[in-house]
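Below, each chain spelled out in residue letters.
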Amino acid sequence: MSEAFDVLVIGAGPGGYVCAIRAAQLGLRTACAEMRDTLGGTCLNVGCIPSKALLQSSEHFEEANHKLADHGVGVGQVTLDLGRMMARKGEVVSANTKGVEFLFRKNKVTWLKGAARITGAGTVEVDGKTYQAKNIVVASGSESIPLPGVEVDEERIVSSTGGLELEKVPGHLVVIGGGYIGLELGSVWRRLGAEVTVVEYLDRLVPGMDTEIGKTFERVLGKQGVKFRLKTKVVGADTSGEGVTLKLEPAAGGAAEELRADVVLVAIGRRAYTAGLGLDAVGVKLDERGRVVVDQHFATSVPGIYAIGDAIAGPMLAHKAEEEGVALAESLAGQHGHVNYGVIPGVVYTWPEVASVGDTEEVLKQKGTKYKVGKFPFTANGRARAMGDTDGFVKLLADADTDRLLGAHIIGPDAGTLIAELAIAMEFGASAEDVARTCHAHPSLNEAVKEAALAVDGRALHV
Ligand SMILES: Cc1cc2nc3c(=O)[nH]c(=O)nc-3n(C[C@H](O)[C@H](O)[C@H](O)COP(=O)(O)OP(=O)(O)OC[C@H]3O[C@@H](n4cnc5c(N)ncnc54)[C@H](O)[C@@H]3O)c2cc1C
């Protein structure tokens, strides 16, 4: 008899491993299949965690080189030990992936090692063995989208995975794609000494972000030395000589030109990864972009098979995948799992950071919603001045009639942490007035949030 589970999750990324832990906590007999040697998926192995480790290390290098002197701290000759920086990144990743292994043991989740394939309703094959499962959860994640004519070799032309592993700082790094992954990795290598050029097809960075924040972001990164080629497409790469010669064309068409790079990072987005799962054979429907089609309970077109995370529609973010994992596990255990897609924060971990939650002005205009804007600059925040980090502002959008918060957009120091206050406020249906009337510690960066909330009603105090 093959082993039987209540829930068998395929993929141990933040969607899958969290779903498995929650299902096990709720008393369901749970297994999680993962074909990588370590748990944690893209996020822990080659995504969120290693990129944040390098962002942190490179920011320390940047501070030592350019910022500490301003504070009266002299550090003499600053040197870079890239090998140590990479080794530290590896240690951080390993501590996190081992942490998930520990959590699996603690919660009695069985890790099925190997590639899983769904062989029929309620049966999954992993590494030649068949398992029975009342419920199968596809949490197979995503992969980088390739760019035709610019083939990734993970040495001179790299995906984000290779971009986290470079053995030396490139002289000139060209990043194709002005999304958050390209900008974060571009920031890392610029801080470590590379000249960085970002080539973006659209006329703006991080599409979907509030336009005003996007413009400020471009200006701030430009001040740091990042060069931008917007409205430009890369149509080919020549690797016959040393380095890479890219062929660029204006997005709207026109004369081609060449751009030489030592390393090219292709970061034009990610797409759902469902290869080898056998979804076709069992009749699980995919949409036109290869994502698994699910209903609001994460059920696919085949009874007993569910999907979550990057493999389905929605923002490709670790915390969105986690929320879905928890909601699905709770539904499978007879509870009422739910994800509020209106309140999913997004953060770009450059410095300054950029963070947003809820609607942008552009979306509110499209919806025809009347709204008020409250803004407050970090130049007028005492803590930001004390830190020497005054670039950016907080921008809040509130319903013109009810004052309910509809969106929050921040560029500035620790924006990724500041946004949590506004996500909670929005989750509770708070008004701008609620945030404005809440006592905020002084001197804190959060006071800029409070002042922006006051500004919604035209009564900011410190500007
Ligand atoms: C460089 C980079 C930086 C990022 N930074 C952030 C960030 O700061 N914040 C954020 O929120 N998001 C970030 N992301 C996105 C985040 O990593 C993803 O949104 C998240 O990992 C999605 O989780 P998931 O569980 O859906 O899938 P994944 O994490 O992709 O995990 C899927 C797992 O399934 C496994 N798998 C697939 N098929 C099979 C099979 N047939 N059998 C067994 N196993 C299988 C894969 O090996 C993989 O381990 C980043 C991504 C990248 C690439």
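Rules behind the numbers
Residues numbered from 1 in each chain as written. Predicted model: local features only at pLDDT ≥ 70, side-chain atom pairs only at ≥ 80, totals over all residues. Heavy atoms only, no water. Core = buried A, V, L, I, M, F, W, Y, C linked by side-chain atoms within 4.5 Å. Buried < 20%, exposed > 50% of the residue type's maximum accessible area, 1.4 Å probe, protein only. Helix = DSSP H or I, 4+ residues; strand = E, 2+ residues; numbered from the N terminus. Contact = heavy atoms within 4.5 Å. Polar contact = N/O pair within 3.5 Å; in protein donor to acceptor, adjacent residues only side chain to side chain. Pairing = 2+ DSSP bridges. Axes fitted to C-alpha atoms, helices over the stretch in contact; angles between N-to-C directions. Near = heavy atom within 4 Å. Areas by Shrake-Rupley, 256 points an atom, 1.4 Å probe, with all protein chains shown as cover. Nonpolar A, V, L, I, M, F, W, Y, C, P; charged D, E, K, R; others polar.

Trainee: What should I look at first to understand the nonpolar core in this one?
Mentor: Across soluble globular proteins, you tend to see nonpolar side chains buried next to one another. In terms of nonpolar packing, the biggest core is built from 55 residues, with Leu8, Phe104, Ile118 and Val137 touching the most fellow members. The leading source of residues in this core is helix H1 (residues 14-25), at seven residues. Phe104 has contacts with Tyr17, Ala20, Ile21, Cys32, Leu39, Val109 and Trp111, leaving out every residue within four places of it along the chain. In this structure, Val175, Ile213, Leu265 and Phe393 belong to the second largest nonpolar core, which totals 35 residues.

Trainee: How do you make sense of the side chain of His440 when you look at a structure like this?
Mentor: Looking at where His440 falls in the secondary structure, it is placed in the loop between helix H13 (432-436) and helix H14 (446-456). Within polar-contact distance, the side chain of His440 engages the side chain of Glu421 at 2.4 Å. In this structure His440 touches Glu421, Val435, Asn446, Glu447 and Lys450, once residues within four positions along its chain are discounted.

Trainee: I'm lost on the sheet that holds strand S21 (residues 393-399) in this one. Help?
Mentor: The strands that make up a sheet pair up through hydrogen bonds in the backbone, lying either parallel or antiparallel. Spatial ordering of the open sheet is given by S18-S19-S22-S21-S20, a layout of five strands whose pairing is antiparallel. Two strands bound the open sheet, and with one partner strand each, they are strand S18 (346-348) and strand S20 (371-377). Averaged over all adjacent pairs, the angle separating strand axes in this sheet is 10°, with direction ignored. Pairing analysis gives three bridges linking S18 to strand S19 (residues 353-358), with the strands arranged antiparallel. Each residue of the ladder has a partner; that of Val347, found in S19, is Ala355. On the sheet, H14 packs against S20, S21 and strand S22 (405-412) and is oriented at approximately 140° with respect to S20.

Trainee: Please explain the site of the ligand as it appears in this structure.
Mentor: Around the ligand sit 40 residues in total, of which Glu34, Thr42, Lys52, Ala116 and Ala318 are the nearest. Contact distances for the ligand include 3.3 Å between a nitrogen atom and a backbone N or O atom of Met35. At 3.0 Å from an oxygen atom of the ligand is found a side-chain nitrogen or oxygen belonging to Arg36. Protein coverage of the free-state accessible area of the ligand, which is 1000 Å², stands at 97%. When residues of the shell around the ligand are traced back to their parent elements, those giving at least two are H1, strand S2 (30-34), helix H2 (41-46), helix H3 (48-67), helix H6 (180-191) and helix H9 (318-332). With four residues, the single largest contributor to the shell around the ligand is H2. Here the residues of the shell around the ligand are counted per class, giving 20 nonpolar, 15 polar and five charged.

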